[in-house]
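Notes for the structure review
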Amino acid sequence: HVAREIQSQPRVWARALDQLGTVGAVLPQRGERVAVIGCGTSWFMAESYAHLREQCGAGETDSFAASQFPAGRGYDRVVAISRSGTTTEVLRAIDATQVPVLALTAVPDAPIGRAADQRIVLDFADERSVVQTVFATTALMLLRGSLGEPLEAVLGQAAAVLAGDHAVPSAIGAGSQFTFLGQGWAYGIAREAGLKMREAAQLWTESYPQMEYRHGPISVAQPGRTVWVFGEPVTGLAADVAATGAAFVDDRLDPVADLIRAQLLAVRRAEEQGLDPDRPRHLARSVVL
Ligand code: F1P
């Protein structure tokens, strides 16, 4: 399923963006003080959106792993992201807060929808896979759209990636280690790329904000390992990585379009190792405690 779901992304994003007119009024408004929560992939999407919302001056925005949410803190609204709508930590955080909650989920009638005050159900973005791809990116693209970002170019880049442009050379990091880097909102995307590679292909990955990389993580760089930057690389980074012998990947695409390259690579690496990316080890579709 996951390979097919990866392919569906730009089409599903376009469908979500078409709904902005109807759901836009429910999404955070300018000036609202917002906390965004989720677990795993959904947390990383929350993190990226929080950065973007702050960056464009739409309002103070924090993101938390749902299990770390300080429920006593005052916000105007909590946005809870959960594909399944059943993740225990998310439901507990909603239960604990006094703040009005907007749920973003793929499943109509999921417990999150009943627990929240408002809900947006992206059922057309639901997926069969354990490993999340299309729901997460669709939620983020919808949230980006609500910030007034023009996204046609991102859809075009995603289509190009899926058509085979920007393919990652087969020699890159075969069976080895990946470090994903991103600055600002791209850091959440770097964390998500690392999670995809671990979940689908069982590879050892790390993710850092770009400027943190030279504060220690670079010490494991060596030939055969890969450093992958989402967004623009900072000055001097390519040369520093080259000096270690590690491969440097920087396609300078929009980070969400570049994430599709990482999703495709995760599936390819899984298949090369005889793993089934639809049966990731030790994982369930949602964690219910
Ligand atoms: C969150 C999540 C997924 C992960 C795995 C376990 O699910 O952490 O990101 O891939 O399937 O659950 P959800 O709350 O978005 O349904």
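Residues numbered from 1 in each chain as written. Predicted model: local features only at pLDDT ≥ 70, side-chain atom pairs only at ≥ 80, totals over all residues.

What follows concerns the overall build of the chain. In terms of helices and strands, the chain carries eleven helices and nine strands. Principal-axis analysis of the C-alpha atoms places the extent of the chain at approximately 50 × 35 × 35 Å. (Helix = DSSP H or I, 4+ residues; strand = E, 2+ residues; numbered from the N terminus.)

This next bit is on the sheet that holds strand β3 (residues 77-82). Paired through backbone hydrogen bonds, the strands of a sheet run either parallel or antiparallel to each other. In spatial order, the strands read β2-β1-β3-β4-β5; together these five strands make up an open sheet with parallel pairing. The open sheet has two edge strands, β2 (61-65) and β5 (118-121), and neither has a second partner. Each adjacent strand pair in this sheet contributes to an overall mean axis angle of 20°, direction not counted. The pairing of strand β1 (residues 34-38) with β3 spans four bridges and is classified as parallel. Bridged to A35 within β3 is V78. (Pairing = 2+ DSSP bridges. Axes fitted to C-alpha atoms, helices over the stretch in contact; angles between N-to-C directions.)

This part is about the sheet that holds strand β9 (residues 247-249). Read from one edge to the other, the open sheet built from four strands follows the order β7-β6-β8-β9, with strand pairing classed as parallel. The sheet is open, and its two borders are formed by β7 (204-209) and β9, each paired with just one other strand. For this sheet the average axis-to-axis angle between neighbouring strands, irrespective of direction, equals 20°. Alignment of strand β8 (residues 226-230) against β9, held across three bridges, turns out to be parallel. Across the sheet, residue V227 finds its bridge partner in β9, namely F248. Along the sheet, helix α9 (residues 186-201) makes contact with β6 (177-182), β7 and β8, crossing β6 at roughly 160°. (Contact = placed C-beta atoms within 7 Å.)

This brings us to the pairing of β1. The element β1 is largely enclosed, with a buried count of five among its five residues. Pairing geometry for β1 and β2, over five bridges, is parallel. Within β2, the residue paired with V34 across the bridge is T61. As for the winding sense of the linkage, the β-α-β connection from β1 through helix α4 (residues 41-55) to β2 is right-handed. (Buried ≥ 20, exposed ≤ 12 C-beta atoms within 10 Å, placed from the backbone. Right-handed = clockwise from strand over helix to strand, strands pointing away.)

Moving on: the UniProt feature "domain: SIS" (unreviewed entry) in the chain. When the UniProt feature table is mapped onto this chain, "domain: SIS" (unreviewed entry) is found at residues 24-149. A distance of 13 Å separates the end C-alpha atoms of residues 24-149, which is 33% helix and 20% strand. (UniProt positions renumbered as here; feature names shortened; annotations may be inferred.)

Let us look at the packing of helix α8 (residues 152-162) against helix α11 (residues 255-272). Across the interface, α8 lies against α11 with an axial gap of 8 Å and an inter-helix angle of 15°. The orientation of α8 with respect to α11, classified from their angle, is roughly parallel. In the crossing of α8 with α11, the sense of the turn from one axis to the other is right-handed. Between α8 and α11, the contacting residues are V154, Q157, A158, V161 and L162 on the first element and V256, A257, I260 and R261 on the second. When the residues that make up the contact of α8 with α11 are grouped by side-chain class, the tally is seven nonpolar, one polar and one charged. (Parallel < 35°, antiparallel > 145°, perpendicular 65-115°, else oblique. Left-handed = near helix turned anticlockwise from the far one by under 90°. Nonpolar A, V, L, I, M, F, W, Y, C, P; charged D, E, K, R; others polar.)

This brings us to the nonpolar core. Counting residues in each nonpolar core, the largest one holds 89 residues, and the members touching the most others are V36, I37, A80, V90 and A139. In terms of residue count, the dominant contributor to this core is α11 (ten residues). The residue makeup of this core includes at least three contributed by each of domain 1 (2-149) and domain 2 (158-272). Beyond its immediate chain neighbours, meaning those up to four positions away, V36 contacts A46, Y49, A50, T61, S63, V79 and I81. (Core = buried A, V, L, I, M, F, W, Y, C linked by C-beta atoms within 7 Å. Domains from an automatic or database assignment.)

Mapped onto the elements, G31 comes out in the loop between α3 (20-23) and β1. In this structure the C-alpha to C-alpha distance between G31 and T61, which are 30 residues apart in sequence, comes to 9.8 Å.

What follows deals with the domain arrangement of the chain. By domain assignment, the chain separates into domain 1 (2-149) and domain 2 (158-272). The distance between the C-alpha centroids of domain 1 and domain 2 comes to 25 Å. Contacts between the two partners involve 20 residues from domain 1, matched on the other side by 20 residues from domain 2. Breaking the side of domain 1 that touches domain 2 down by element, the ones donating at least two residues are α1 (2-7), α2 (9-18), α4 and α7 (134-146). For the side of domain 1 that touches domain 2, the element with the most residues is α4, which contributes eight residues.

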